[in-house]
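# Survey of secondary and tertiary structure
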Amino acid sequence: HIYFHGSHIVMTSPLILVDGSSFLYRAFHAVPPLTNSKGEPTNAILGVSNMLRKLLNEYEPQFMAVVFDSAGKTFRHELSVDYKAQRTEMPDDLRLQIKPLHALIRAMGIPLIMASAVEADDVLGVLAKFGEREGFDVIIATGDKDMAQLVNDKITLEDTMSKTKLNPEGVFEKFGVHPNQIADYLALVGDSSDNIAGVPKVGTKTAAKWLAEYETLDNLVANADKITGKVGENLREHLPKLELAKKLTVIRCDLDLPYNMADLTRRPFHDEQLKEMLSELGFLSWLNALNKNSTDTNEKPFLKKVENVEPTENTSTAHYDTILTMSQLDAWLARLEKSALIAFDTETTSLDYMKAEIVGLSFAVQTGEAAYLPLAHSYPNAPTHTIVQLNRELALEKLRPLLESSTVLKVGQNLKYDYHVLANHGVTLRGIAHDTMLASYVLDSTGKHNLDFLAQKHLNLKTIRFEEVAGKKGTKQLNFSEVQIDVATRYAAEDADVCVRLHHALQAKLQAEPNLLALYNELEMPLSSVLARIERNGVLIDDDLLAAQSFELEQQIMSLEQKAHNVAGHSFNLGSPKQIQTILYDQLNLPILKRTPTGQPSTDESVLQELAEDYELPKLLIEHRSLSKLKSTYIDKLPQQINVKTGRVHTSYNQVVTVTGRLSSSDPNLQNIPIRSAEGRKIRQAFIAPSGYKIVAADYSQIELRIMAHLAQDNGLITAFQQGEDIHRATASEVFNVPLDKVSNELRRNAKAINFGLIYGMSAFGLAKQLDISRTDAQTYINLYFERYPNVKKYMNETKILAKEQGFVETLFGRRLYLPEIDSRNPMLRQYAERTAINAPMQGTAADIIKRAMLAVDNWLETENIDAKMIMQVHDELVFEIKTEQLDSAIEKIKTLMSGAAELTVPLIVDVGVGENWDEAH
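Residues numbered from 1 in each chain as written. Predicted model: local features only at pLDDT ≥ 70, side-chain atom pairs only at ≥ 80, totals over all residues. Heavy atoms only, no water.

## So, the overall build of the chain
- Counting its secondary structure elements, the chain contains 36 helices and 27 strands.
- Whereas a compact globule of 922 residues would reach a radius of gyration of roughly 29 Å, the chain reaches 31 Å, a difference of no more than 12%.
- On the principal axes, the C-alpha backbone points of the chain span a range of 95 × 85 × 60 Å.
- Here the chain, with 922 residues, has 52% of them falling under the buried criterion.
- Residue pairs in contact within the chain that sit at least 24 positions apart in sequence constitute 67% of those at least 6 positions apart. (Helix = DSSP H or I, 4+ residues; strand = E, 2+ residues; numbered from the N terminus. Rg over C-alpha atoms; globule rule 2.2 N^0.38 Å. Buried < 20%, exposed > 50% of the residue type's maximum accessible area, 1.4 Å probe, protein only. Contact = heavy atoms within 4.5 Å.)

Listed below in structure tokens is the structure:
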């Protein structure tokens, strides 16, 4: 699943919520009658399970739930005796399928939820909002139009049966109203499935027209006397019923239901139970696939790609040695030293590369033969003398010449991690030639790149999972040092063996694509070592300053709480939306600017921001929320991430996460350190230079706009950049037809929104929302822009055509982004792919350029006698620690190297700042 985060496109697994009740009925009527050998009906079970399998294959979600209606009445039945009264009794053939379907879902490892006296719609609403608060993109699989009221930027609907998806724009396109108007819309037009009558003679167009004019049902009711004709009479006649209709149509997202992420966590298939059920149901195709550990031809429609089928082979016939004596180690060393390429892997005590210690090492030189060298296994409750293994220090010294040799070439899976682990033991890994993770990423940046998945995808091979040897994740999972050596050998040696096999398979594919091969050999592979050095350098953190900031913020937060209590006239919980809602709207009678999908007055950030312009309490609440988040997320957490040995924070730079080639950062995520607020910028003050050094930040100026000017070869943009003009002011002058020196700040702001908006495929709808103007005006601005910069429009059109022809787009340096949905019949998916096609070459080229700059700068730092370190890469910025005496010459060299990282039609400008800390330097 792809979503935008800042200036990145990021891949993540969404939370999938399935409306089981909706799909149960639809499957029953859509799938022809079907029975098992006992004559029991199974068509609804087959339809729902096929839909679930499709979702699993498409999104591979970690978190998912199927929600069904519970038996019995709900609060809506208490509100109206007519509610769903027209519904006929459930057919026996359908009722008989419910229990086995529930059992099948549980056997598939998918959480199944039914809340007593609560409808599935309300449970889905609560869970969707919960997932949104937890930071997930949420997909609700349903065919129920009522659910459209939940849609927003983070929550989308997917009708898996009809292959349609709805985002906010899609809801408006389909219904003519916005998601927050759906409940009002349904109250007006009625909902026959729930026996809600609506207003007679009011159809979809009339309801949409009224809500476009009056926005809410409450406003329409207040102005009912203005509605003319027979339809107006009907409206006024049915006014007493509209309040009830609205209560029946609103999905309740405020219910207190006892669910958390643990309740939504997928589990592995319960294989034996699942096989028994499939046999009982007569689903033989699926059963055969499980028994053979493969996928039958009939299963392929439920898979995202045929190449992702379940593996049919394993490594059971391979020969793996356990190295327990020095003579065995000598024999393997002799073999390894003669090999042109060896596969190499470490087994460790931790995923934290700065803390991890070696437990063992594995090697392979050819397919089907590998060895594991255990060095630090220690079984629980086992005497040490019973565990036969070589001394770790002695063995590593024996291996040092091999590992530090530049002529003995190594291949591995994420060798950057192994580099760090060996460095923890004083060994410098050299001869890093190939990395299967990076090869996979260069070939296709979408999807997974872990070893198990790649073995399945490219070798059709089933590997041993870590959980199979160490147990499931959690407190009971064994540290690898606690795994018995014979079990560890099979697992670890297999990793090295599979790595050899993968390397040959992936290299064959790269050899067939010269541009991708060059990208792999000349950029991604050498960059891995550069990133390892940056990570190991780390960044110095002033934890005393953060502690002082924490104390200062705590005082400010407490002061804000007291001020808020004084304004309200009593104490209350500033973290409780319900209490805030009561105080703002019931007690202080502030104007209601927006309502939640349940019809309650909203207290979200945008509403508080607007209210804060005229009222004190909303302003206090916004400031309180902002400071509390800063304190908990950054100021209090960063000191906990300082390495005790180095006194520095060491992030992980991830090469294979974003689909466009951008690097991402984790543990901690340095790319999310806030910069827009004064308090947020203070956090950067804690990123300091050691005594005698300065922090230097070098940032590409408007790099993606410059890339767009180059790709589009638009004379207007090229001229503006070549003449060194303020591009946003120049754009405003062109689009709004005013002299350059007469461009106001507001016009420049509008032009900036257009410039960056078009890069990300922003529509007139999005631009209108951002600039708070009408959609007509927004479209006029966009039209004017394309008139003044016609080659930009030409580039966008040609890029979409090219993407459709070849199925992918490329950066200037040959990096590809595949777009499987570019020919989708679903207009939303197709349009999204088209927007991505336009944006990805710019984002990807920017990523390639800064990576090329990092290689050039690192080579200079490594070969010249420069007292400087590259310590961070954040978006389009490189950050350094440089000796004060060498600042001037170093800065000039950095600017030269970064500016020369690519040859564009327009100049690459690098802005450089210097300071005692990151904030001063930025």
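## Looking at a negative patch on the surface
- Taken together, Glu610, Glu613, Asp614 and Asp772 make up a surface patch of like negative charges.
- In this fold, Glu613 is placed in the loop between α24 (605–611) and α25 (616–635). (Patch = residues over 30% accessible without salt bridge, like charges linked within 9 Å, V, L, I, M, F, W, Y side chains within 5 Å. Areas by Shrake-Rupley, 256 points an atom, 1.4 Å probe, with all protein chains shown as cover. Salt bridge = Lys/Arg side-chain N within 4 Å of Asp/Glu carboxyl O. Lys, Arg positive; Asp, Glu negative; His and termini not counted. Charge placed at Lys NZ, Arg CZ, Asp CG, Glu CD.)

## Quick notes on the sheet that holds strand β21 (residues 687–688)
- Sheet architecture is open: three strands sit in the order β18-β17-β21, paired in antiparallel fashion. On the outer flanks of this sheet lie β18 (648–649) and β21, each paired with one strand and no other.
- Strand direction decides the pairing type here: strand β17 (residues 539–541) and β18, joined by two bridges, are antiparallel. By the bridge assignment, Leu540 is partnered in β18 with Arg648. (Pairing = 2+ DSSP bridges.)

## Digging into the packing of helix α27 (residues 703–712) against helix α30 (residues 745–759)
- At a minimum axis separation of 10 Å, α27 and α30 run at an interaxial angle of 70°. Judged by the angle between their axes, α27 and α30 are roughly perpendicular. For the pair α27 and α30, the sense of crossing is left-handed. Where α27 abuts α30, its residues Glu704, Leu705 and Met708 lie against Asn755, Phe756 and Ile759.
- The residue inventory of the contact of α27 with α30, partitioned by class, reads four nonpolar, one polar and one charged. (Axes fitted to C-alpha atoms, helices over the stretch in contact; angles between N-to-C directions. Parallel < 35°, antiparallel > 145°, perpendicular 65-115°, else oblique. Left-handed = near helix turned anticlockwise from the far one by under 90°. Nonpolar A, V, L, I, M, F, W, Y, C, P; charged D, E, K, R; others polar.)

## Quick look at the environment of Ile580
- Along the chain, the position of Ile580 falls in helix α23 (residues 577–587).
- The exposure class of Ile580 is buried, given its relative accessible area of 1%.
- Here the alpha-carbon distance between Ile580 and Thr845, two residues 265 residues apart in the chain, equals 46 Å.
- In this view, Ile580 contacts Phe572, Asn573, Leu574, Thr603, Leu621 and Arg625; residues no more than four positions away in its chain are not counted.

## Some points on the packing of helix α17 (residues 436–443) against helix α21 (residues 514–537)
- Packing of α17 against α21 brings their axes to within 10 Å, and their N-to-C directions diverge by 135°. On the basis of their axis angle, the class for α17 and α21 is oblique. Relative to α21, α17 is oriented so that their crossing is right-handed. Contacts between α17 and α21 involve Leu438, Ala439, Tyr441, Val442 and Leu443 from the former and Leu516, Leu519, Tyr520, Glu524, Met525 and Ser528 from the latter.
- Broken down by class, the residue content of the contact of α17 with α21 amounts to nine nonpolar, one polar and one charged.

## Here we look at the environment of Phe880
- Inspection of the secondary structure puts Phe880 in strand β26 (residues 877–883).
- On the accessibility criterion, Phe880 (0% relative accessible area) is buried.
- For the pair formed by Phe880 and Ala508, sequence separation is 372 residues and the distance between their alpha carbons is 39 Å.
- Phe880 has contacts with Lys694, Ile695, Val696, Ala698, Val857, Lys869, Met870, Ile871 and Ile894, leaving out every residue within four places of it along the chain.

## Thoughts on the pairing of strand β4 (residues 64–67)
- Residues of β4 alternate between two faces, with Met64 and Val66 on one and Ala65 and Val67 on the opposite face, all of them buried.
- By the bridge criterion, four bridges tie strand β3 (residues 15–19) to β4 in an arrangement that is parallel. Considered in β4, the bridge of Asp19 is made with Val67.
- Looking at chain direction, β4 and strand β5 (residues 112–113) are connected through two bridges and run parallel. Following the sheet pairing, Val67 is matched in β5 by Ile113.

## Focus: unusual backbone geometry
- Pro668 follows Asp667 through a cis peptide bond whose omega is 0°.
- Note that Pro668 resides in the loop between β20 (664–666) and α26 (678–684).
- Residues other than glycine seldom take positive phi values, yet Asp667 does so here, at roughly 50°.
- By secondary structure assignment, the location of Asp667 is in the loop between β20 and α26.
- The phi torsion at Gln713 lies on the positive side, around 50°, for a residue other than glycine.
- Along the polypeptide, Gln713 turns up in the loop between α27 and α28 (715–722).
- For Gln713, a relative accessible area of 37% gives the class partly exposed.

## Regarding the packing of aromatic side chains
- Scanning the model with the defined rule gives twelve aromatic pairs in all.
- With centroids separated by 6.5 Å and ring planes inclined at 90°, the aromatic side chains of Tyr372 and Phe480 adopt a geometry described as edge-to-face. Of this pair, Tyr372 sits in strand β13 (residues 369–374) while Phe480 sits in the loop between α19 (466–470) and α20 (485–511); the two residues are 108 residues apart in sequence, bridging distant segments of the chain.
- Through a chain of ring-to-ring contacts, three or more aromatic side chains come together here, namely Tyr372, Phe466, Phe480 and Tyr491. (Phe/Tyr/Trp six-rings, centres within 6.5 Å; stacked < 30°, edge-to-face > 60°.)

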